[in-house]
Every structure is written in C-alpha cells, then in structure tokens.
Amino acid sequence: MKNFFKLRSHDLAIDLGTANTLIYARDRGIVLDEPSVVALETNDGVTKVRAVGSDAKLMMGKTPANIKVIRPLKDGVIADLDVAEQMINHLIHKVHSKKTGIFRRFDIVVCIPSGSTNVQLRALRDAASNAGASGIYFIEEPMAAAIGAGLAVTEPVGAMVVDIGGGTTEVAILSLQGLAYSTSGRMGGDKIDDAISSHIRRKHNLAIGESTTELVKHGIASAMSPDGEGRIMHIKGRDLVSGMPKKIAVSEAEIAQAIAEPVGQIAESVLNALEHSKPELAADIMEQGIVLTGGGALLGRIDEFISEKTGLAVTIADDPLTCVANGAGRAMEDPLLHSVLIPA
Ligand code: ADP
Ligand code: MG
C-alpha cells in the first residue's frame, strides 16, 4: 500500500456505533465520545438539524412537537442515510475545528460491522468523503475491538472477541491478522432495554422512558439471577391505568428474568461461533478464553453467564466502550497493523 497515510496530524478513526460514536485522532487518542443521536427541528415544513450527540440526547422524551430526536443507526447499520451523514459531518467538524479553527485534509479509518453489504459500505464511504476525508479505509469492528482489547492479533493464535453493542452483537474468531469467523446478530443493549420496559409495562402497568430504562439496566440488571429478590430499585413513570405519575419498586430478580431471552441470544451466538471454529483455533480459544468488549460487556455478570454456557474463561476488556475506537486508532498509527485496513 503505497502513499498509505501521509501521517497527517489530522487523521482520524471513527467508531460509528448504534448507541455511541467515538472519534480517535492521530497521536491524541479519543477526542470525541457522544451518543449517536440527532435532534431534528421542523419549522414551516423545513427540517433542520437542531442538535447532535449529547445535546440531542438531553432532548430525548422532552421535546416539543416540532422537534424529533432520532438515532440514525439501527441494528448496526445506517437506517437514515441523510441524517447519519449530517451527524458524521457535524462530529468530524467538531473535532477538527476545536483544535485548529480551520479545516485541513485528512485520512480516516471507518469501523464497519462484519457482514456489511456493499450498499452500506458505499453509504459510509460517501458520508466520510462528504465530511472532507481524502483517504478512506475500513476496519472490521471485531478486528478493531480485538486490537483495542490488547489481543495479539499479529500472532498465529486464535482469539475470540464478543462485542456487545446497542444494536448488534458481533462474535469473531481471529487469527493471523484476519477474521477466521465472524457473525453479527441483531441483539444487544437495545433488545435488553425493550425487554425491561415491556416487562415494567406488563407487570406494573407503568410506562417508563428510555432514560429510566437505562437507569434500571445500569443499576440492577444482571445476566444471572440473584439468590432471592436481590437488589431493589425505585423508579418513576406514568401509570397506564390512571395516567398519573407513579413510583414503584423493581427487583434484581424480576429484571434478570425479564432480560433472560435477549441475554440468552447473546450466549447462543457465542456457542454458534465456537461450533463453527476450526479445531486448532478452538484449542487456542480454550486456552485464551473469550474477551468481551462494547457497552454490553458492562451488564451485570454477563461474563459469568457466558462462561457458564460455554465452559470457557471469559474476561471483560478494560474500558470496553472504547475498545473499537482505540483499536481502529492504533491500526491507523501502527504500520505493523496496516494490513488489517481495507481501502474503501
Ligand atoms: P454501539 O457500538 O452499538 O454504539 P456501545 O459499545 O457504545 O454500542 O454500547 C452501548 C450499549 O451498552 C448501550 O445499549 C448501553 O445501554 C450499554 N451499556 C453501557 N453501560 C452499561 C452498563 N453499565 N450496563 C449495561 N449496559 C450498559
Ligand atoms: Mg460498537
């Protein structure tokens, strides 16, 4: 690969996740970490971007009728191309203009979910190009996750990485700077959120918003059932019968049961990947165990659960939410890792 990265100090790597978008800048590390959310405002029939990222997320569930808050990525892929492009553009410009005040030429590494279609890849390439990138390279997300988690991807040993994001869970077996197996399933944090809110609606007749659902998930949700009721959490919502605000108590045990199905699906896809792996890689994975990345790795006792299902050792990467962005950034900076990059 000639003329590969001219070491421009403005080069970037971007992890465009269904839940969060992270940007890594050459030699600076992660410079942006914001929810993948856009607030659109419509006035007199004209729709404009009102806010992007954390500013937009703050508006979620509290907006007047003319403001709509959306997540342009769904199930790991771009669902709304136009809005996704504006989001990417906005975030890249935010990173660049903060430091320099002017816009310079730059190359970019874009993380792609495994199994992306050509149409999706073209959409990402166009979005990066419209945001001003000159050289555009792809890196497969599980590869970036593995590098970010500190796995030795340049060595001839098999490694298994499970990246549990908002919209998808990617399970990959890596060896010799390549993916020996990878699969991306539409399960992850969002499905767990849905399971929590629909349980609370059904069992307690209470409607709760997205931020309350996340509070429950981060607070007491666990992949394994506790002995007894476990921890108790008080939450507020709107009573579906009276329409009035109401406060209820939920237990760790009932939430564990409510999310058992989506959590089970994550373990299923890990088992599936193990069944598909070549014998010698399987042997390495048995030695090395499984590494979890992505925000879903922070779900209570998910490591224990996957370990119980597979009989393998499971570890949670340090700072799982940033593994993909850090790995893509390192692949950009380290010439020894350039072979994992794919010119777009
Ligand atoms: P994506 O790559 O799809 O943007 P991330 O890797 O950023 O996803 O992970 C986001 C997901 O992780 C969200 O569903 C979020 O709710 C979930 N998450 C973050 N922290 C926790 C936590 N402490 N417990 C459970 N889930 C968490
Ligand atoms: Mg991700």
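Cut-off values and rules
- Residues numbered from 1 in each chain as written.
- Chains lettered and ligands numbered in written order.
- Predicted model: local features only at pLDDT ≥ 70, side-chain atom pairs only at ≥ 80, totals over all residues.
- Heavy atoms only, no water.
- Pairing = 2+ DSSP bridges.
- Helix = DSSP H or I, 4+ residues; strand = E, 2+ residues; numbered from the N terminus.
- Axes fitted to C-alpha atoms, helices over the stretch in contact; angles between N-to-C directions.
- Parallel < 35°, antiparallel > 145°, perpendicular 65-115°, else oblique.
- Contact = heavy atoms within 4.5 Å.
- Nonpolar A, V, L, I, M, F, W, Y, C, P; charged D, E, K, R; others polar.
- Domains from an automatic or database assignment.
- Buried < 20%, exposed > 50% of the residue type's maximum accessible area, 1.4 Å probe, protein only.
- Salt bridge = Lys/Arg side-chain N within 4 Å of Asp/Glu carboxyl O.

Caption draft 1: Representation of the sheet that holds strand E5 (residues 46–52) within the structure. What the three strands build is an open sheet, ordered E5-E4-E6; its pairing is antiparallel. With one partner strand each, in any of the chains shown, E5 and strand E6 (67–70) form the two edges of the open sheet. Adjacent strand axes in the sheet meet at a mean angle of 30 degrees, parallel and antiparallel pairs treated alike. Relative to E6, strand E4 (residues 38–43) runs antiparallel, the two sharing four bridges. Across the sheet, residue Leu40 finds its bridge partner in E6, namely Lys68.

Caption draft 2: Structural context of the packing of helix H4 (residues 141–148) against helix H11 (residues 323–333). Two elements in contact, H4 and H11, have axes whose closest approach is 6 Å; the angle formed by their N-to-C orientations is 90 degrees. The angle between H4 and H11 falls in the class roughly perpendicular. Taken together, the residues of H11 that come into contact with H4 (itself represented by Glu141, Ala144, Ala145, Ile147 and Gly148) are Cys323, Val324, Asn326, Gly327, Ala328, Arg330 and Ala331. In terms of residue class, the contact of H4 with H11 is made up of seven nonpolar, three polar and two charged.

Caption draft 3: Molecular detail of the sheet that holds strand E1 (residues 12–16). Reading across the sheet, the six strands line up as E3-E2-E1-E9-E10-E19 and stay open at both edges, with mixed pairing between neighbours. Looking at which strands have only one partner, the edges of the open sheet turn out to be strand E3 (29–35) and strand E19 (342–343). Pairing of strand E2 (residues 20–25) with E3, which is carried by six bridges, proceeds in the antiparallel orientation. Looking across to E3, one finds that Tyr24 is bridged to Ile30. Contacts between helix H3 (residues 118–130) and the sheet are confined to E1, strand E9 (106–112) and strand E10 (133–140), with E10 contributing the most and set at about 145 degrees to the helix.

Caption draft 4: View of the domain arrangement of the chain. Assigned domains within the chain: domain 1 (3–36 + 74–144 + 323–343), domain 2 (37–70), domain 3 (148–187 + 262–320) and domain 4 (189–260). Centre-to-centre, using C-alpha coordinates, domain 2 lies 36 Å away from domain 3.

Caption draft 5: Looking closely at unusual backbone geometry. Despite not being glycine, Asp27 shows a phi value in the positive range, around 65 degrees. Mapping Asp27 onto the fold places it in the loop between E2 and E3. Even without glycine at this site, Asp44 takes up a positive phi of about 50 degrees. With respect to the helices, strands and loops of the structure, Asp44 is situated in the loop between E4 and E5. Taking relative accessible area as the criterion, Asp44 reaches 81% and is therefore assigned exposed.

Caption draft 6: Molecular detail of the pattern of salt bridges. Taken as a whole and assessed by the stated rule, the structure comprises eleven salt bridges. Across the pair Arg71 and Asp190 runs a salt bridge, and its minimum N-O distance is 3.2 Å. Here Arg71, found in the loop between E6 and strand E7 (73–74), pairs with Asp190, found in helix H5 (residues 189–204); they are 119 residues apart in sequence, far enough to count as distant. Take Arg71: its relative accessible area is 28%, and that puts it in the partly exposed class. On the basis of relative accessible area, Asp190 is assigned to the partly exposed category, the value being 21%. Here Glu304 and Arg301 are joined by a salt bridge, their closest N and O atoms 2.9 Å apart. By relative accessible area, which is 37% here, Glu304 ends up partly exposed. When its relative accessible area of 33% is taken as the criterion, Arg301 is described as partly exposed.

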